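Listed here are the chains, written in short residue letters.
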Amino acid sequence: MTTLFDSFDLSGLTLANRIVMAPLTRNRSPRAVPLPITATYYAQRASAGLLITEATAISHQGQGYANVPGLYTAEAIAGWRAVTDAVHAQGGKIVVQLWHVGRVSHTTLQPDGQAPVAPSSIQAKANTYLIDADGSGSFAATSQPRALNAEELPGIVEDYRRAARAAIDAGFDGVEIHAANGYLIDQFLRSGSNQRTDAYGGSIANRARFLFDVVEAVTAEIGSARTGIRLSPVTPANDSFDPAPQPLFEYVVHKLAAYALSYVHVIEGATGGPRDHQQGDTPFDYAALKQAYRQAGGQGAWMVNNGYDRDQAEQAIASGAADLVAFGKPFISNPDLVERLRRGDALNPGDSSTYYGGGERGYTDYPVLAEHA
Ligand code: 8OZ
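What counts and what doesn't
Residues numbered from 1 in each chain as written. Predicted model: local features only at pLDDT ≥ 70, side-chain atom pairs only at ≥ 80, totals over all residues. Heavy atoms only, no water. Core = buried A, V, L, I, M, F, W, Y, C linked by side-chain atoms within 4.5 Å. Buried < 20%, exposed > 50% of the residue type's maximum accessible area, 1.4 Å probe, protein only. Helix = DSSP H or I, 4+ residues; strand = E, 2+ residues; numbered from the N terminus. Near = heavy atom within 4 Å. Polar contact = N/O pair within 3.5 Å; in protein donor to acceptor, adjacent residues only side chain to side chain. Areas by Shrake-Rupley, 256 points an atom, 1.4 Å probe, with all protein chains shown as cover. Expected span 1.5 Å × (residues − 1). Contact = heavy atoms within 4.5 Å. Phe/Tyr/Trp six-rings, centres within 6.5 Å; stacked < 30°, edge-to-face > 60°. Lys NZ or Arg CZ within 6 Å of the ring centre and 35° of its normal. Salt bridge = Lys/Arg side-chain N within 4 Å of Asp/Glu carboxyl O.

What to know about the nonpolar core
Argument step 1. Counting 85 residues, the largest nonpolar core has Phe210, Leu211, Ile229, Leu231 and Leu256 as its most contacted members.
Argument step 2. Among the elements that take part in this core, helix α3 (residues 153-169) stands out by supplying 9 residues, more than any other.
Argument step 3. Residues Phe8, Ala22, Ile52 and Val95 belong to the second largest nonpolar core, which totals 14 residues.

Points about the site of the ligand
Argument step 1. Lining the immediate environment of the ligand, one finds Thr25, Ala55, Tyr65, Trp99, His178, Asn181, Tyr183 and Tyr356.
Argument step 2. Taking histidine 178, its side chain carries an N or O atom lying 2.8 Å from an oxygen atom of the ligand.
Argument step 3. For the ligand, an oxygen atom lies 2.8 Å from a polar atom in the side chain of asparagine 181.
Argument step 4. Here the ligand has 290 Å² of accessible area as a free molecule, and 78% of this is covered by the chains.

Some words on helix α6 (residues 209-222)
Think of an α-helix as turning once every 3.6 residues; residues three or four places apart then point the same way.
Argument step 1. Taking 1.5 Å of rise per residue, 14 residues should cover 20 Å, and α6 covers 20 Å from first to last C-alpha, within 8% of that figure.
Argument step 2. Among the residues making up α6, those that are buried are Phe210, Leu211, Phe212, Val214, Val215, Ala217, Val218, Thr219 and Ile222.
Argument step 3. In this structure, the buried residues of α6 make contact with α3, β10 (174-178), α4 (184-189), α5 (204-207), β11 (227-231) and α7 (245-256).
Argument step 4. Among the residues trailing α6, glycine 223 stands out with phi positive, at a value near 95 degrees.

Notes on the packing of aromatic side chains
Argument step 1. Throughout the structure, instances matching the rule amount to 16 aromatic pairs.
Argument step 2. Members of the aromatic cluster, each reached through a chain of ring pairs, are Tyr41, Tyr42, Trp80, Phe172 and Tyr363.
Argument step 3. Stacked on the ring of phenylalanine 212, the Lys or Arg lysine 255 has its end atom at 4.9 Å from the ring centre.

Regarding unusual backbone geometry
Argument step 1. Phi is positive for serine 11, which is not a glycine, with a value near 50 degrees.
Argument step 2. Along the chain, serine 11 turns up in the loop between β1 (8-10) and β2 (13-15).
Argument step 3. The class for serine 11 is partly exposed, based on a relative accessible area of 39%.

Examining the pattern of salt bridges
Argument step 1. Considering all chains together, one arrives at 15 salt bridges under this definition.
Argument step 2. Glutamate 221 serves as the salt-bridge partner of arginine 165, at 2.8 Å between the closest nitrogen and oxygen. With arginine 165 in helix α3 and glutamate 221 in helix α6, this pair connects stretches of sequence that are 56 residues apart.
Argument step 3. For arginine 165, a relative accessible area of 30% translates into the label partly exposed.
Argument step 4. Here aspartate 323 and arginine 294 are joined by a salt bridge, their closest N and O atoms 3.1 Å apart. With a gap of 29 residues between them, aspartate 323 in the loop between α9 (310-319) and β14 (324-327) and arginine 294 in helix α8 (residues 286-295) connect regions that are remote in the sequence.
Argument step 5. For aspartate 323, a relative accessible area of 18% puts it in the buried group.
Argument step 6. Through salt bridges that share partners, Glu158, Arg161, Arg165 and Glu221 make up one connected network.

Okay, structure coming up:
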C-alpha cells in the first residue's frame, strides 16, 4: 500500500515523500527581496517532499500586500538563490509560486500609486495587509481597480514568462502558477469578477483564455515538467464568486491535460476554512474534477490541500484519490512536520499573531523534536 512517506517521481524530480509544504504568505521580504532568515526558514522545512514558496509577485503591479517577495529584480533573484541553495543543501526540493494579485491590492503598493488592475472595474470586498512607517501591520480595504485593456494582457503574460525564467535562474526546481484564491487569473475565471465583453469574458472558454495564455507562455519558457498550477474551485477568498464552478473547472482541467504539467494542486473548499464550502446550488465534486483531468489524458500529479490531518492524508494517498497532500499552517509551527506525522507525534500550536510580518519570532524559532534537533 502506498503511504505518505513513500517517495514520488514528480516529472523526473524525485520527492522523498508525498507531503508538500503549501504556499504560505509571511510578509518578511522588505522591498520584495527575500532575506537570509527566509533561507533558514525554508531549509528548516526541507524534509517535506516538496516545498512550495509563499506567493511571489511576478511584477511590481502584481504585488498586493506589504513585504511579500517578488521575482522581478536582480536582488530578489539573488535572495531566492540563497533560499534554493539552502534547501538543496538539505536534500529538499522547492518550487516558487508565481503571483499576480490583480484587484487584490492597494494604491500604496502599486507603481506610482496607481489603481490595481483587474478584468473588470469591480472592487473586491476584501482586505489587504499594509505595514505602516512605524513597522506595525494593519489590514486595509482593497482599492477600486481599473479594467485592463486587452492590449495590456500580452505584457502581463510576458511578466509571467520572465518570472518563470527568473525562477530557473534562482535555482528553483520549478514553478507553481497561482490560479487560485481570487487573484488575477482566478478573477478572469469567475463571472463575479469578470464582466468583460471581449475574448476574455463571457463564455467559460473566454474566461479561461488568460489562464491558458499564461500556461502557454510559462511552459514554453521552462518546460511543462517544471510547471504546476494551483486552483481553488469554490473558495470565497478575496470575494471570488462563480455560480457554476463545476463546468468551469472541469473545462480548465480538461484543457490543462494537454500540457503535461508536473502537477495540479486543488484547494478543496474555502481556503483555510470549511472543506464543504460550496458555491452555486450543488456541492463541488472533486473526484469528478480529477476524473475529468485523467479522462482527458492528464498525467500530472494530483495534489490536494485544505485542512487535511494525518488520517485524511493517509487515506487520500492509500485510496489513490491523491498523489500528494499539501499541508499549510501545520508547517509554520512544525518545521519537522514530516517526522512528527511519521511518528504520530503531537504538533506544536502556531501563533497566528506572527503569521504575517515580523522577524525570526514565529518564523525560524519553532522547536523540532528533541531526538533529531
Ligand atoms: C494569506 C494572506 C495573504 C495572501 C493566498 C497568497 O491566499 C495568498 C495569501 C494568503 O493565496
